[in-house]
Amino acid sequence: MEEQSAFEEFDVKSNFVRRRSLLPVWIKIFTWFFLIGGAIAVLILICGSFLTNISLSLYGIQTQHPYTLTGFLISILFIFKGIVAYGLWFEQQWAPKAAIIDAIVGIIICGIMMFIIPFTVSNISFTLRLELIPLYFYLIKMQKIKKSWENL
């Protein structure tokens, strides 16, 4: 006959909840996308001198070579997104805060590329940045789960 322990409620196997389970499927998909994108950005920066023409684009910022100011900016953004994706996938304590910063930075850059750059640079025209839609929902979702994430 099996005895019940007074400490059964603290048993890790029966009460184990993963932080990753707080993330919706669409964020998990983007997490994998940006894990891979961050790794590729590192490789592009390492091998950039051997690449003659590589098209990089994120949030409306575009370049043809990684060793330009915009190339470095895009690569750094992808690496940061990869770090955030790593933190979310491997359930790091800091991940929701970094994800909120990531979403805010993305929204700000999209706003600049939509409302400021087209009116200051003559060869860039206005484009509606649809990335704002998932970035908004990403920001809201990460703000909602931040407290639960940190308490697990």
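Data block above holds the structure.
My aim in this report is to walk through the structure given alongside it, one point at a time.

Conventions adopted
Residues numbered from 1 in each chain as written. Predicted model: local features only at pLDDT ≥ 70, side-chain atom pairs only at ≥ 80, totals over all residues. Heavy atoms only, no water. Helix = DSSP H or I, 4+ residues; strand = E, 2+ residues; numbered from the N terminus. Expected span 1.5 Å × (residues − 1). Bend = angle between axes of the 7 residues up to and from the residue. Buried < 20%, exposed > 50% of the residue type's maximum accessible area, 1.4 Å probe, protein only. Contact = heavy atoms within 4.5 Å. Core = buried A, V, L, I, M, F, W, Y, C linked by side-chain atoms within 4.5 Å. Salt bridge = Lys/Arg side-chain N within 4 Å of Asp/Glu carboxyl O.

### Quick notes on helix α6 (residues 132-151)
- Its 20 residues place the ends of α6 29 Å apart at the C-alpha level, agreeing with the 28 Å of an ideal helix rising 1.5 Å per residue.
- At Ile145, α6 shows its largest kink, close to 40°.
- Regarding α6, the residues found buried are Leu135, Tyr138, Leu139, Met142, Ile145 and Trp149.
- The secondary structure elements touched by the buried residues of α6 are α2 (25-47), α3 (69-89) and α4 (95-115).

### Quick look at the nonpolar core
- Of all hydrophobic cores here, the largest spans 30 residues; its most connected members are Leu23, Tyr59, Leu88, Tyr138 and Met142.
- Of all elements in the fold, only α2, β1 (56-58), α3, α4 and α6 reach the threshold of two or more residues within this core.
- The leading source of residues in this core is α4, at eight residues.
- If we skip the residues at most four places from it in the chain, Met142 touches Leu23, Ile27, Leu88, Pro96, Ala99 and Ile100.

### Things to note about the pattern of salt bridges
- Taken as a whole and assessed by the stated rule, the structure comprises five salt bridges.
- Here Arg18 ties to Glu91 by a salt bridge, and the two come within 2.7 Å at their closest N and O atoms. Linking Arg18 in the loop between α1 (12-15) and α2 with Glu91 in the loop between α3 and α4, this pair joins segments that are 73 residues apart in sequence.
- Glu91 gets classed as buried once you look at its relative accessible area, which sits at 16%.
- Across the pair Arg129 and Glu131 runs a salt bridge, and its minimum N-O distance is 2.7 Å.
- Among the residues examined, Arg129 registers a relative accessible area of 17% and is labelled buried.

### Overview of α3
- For α3, built from 21 residues, the straight-helix expectation of 30 Å at 1.5 Å per residue is met to within 8% by its first-to-last C-alpha distance of 30 Å.
- Turning to α3, its buried residues are Gly71, Ile74, Ser75, Leu77, Phe78, Lys81, Gly82, Val84, Ala85, Gly87, Leu88 and Trp89.
- Here the buried face of α3 lies against α2, β1, β2 (61-63), α4 and α6.
- Just downstream of α3, Glu91 is the residue with a positive phi angle, here 60°.

### Considerations on unusual backbone geometry
- Although it is not a glycine, Tyr59 sits at a positive phi angle of roughly 55°.
- Along the polypeptide, Tyr59 turns up in the loop between β1 and β2.
- The class for Tyr59 is buried, based on a relative accessible area of 4%.
- Not every positive phi belongs to a glycine, and Glu91 is a case in point at roughly 60°.

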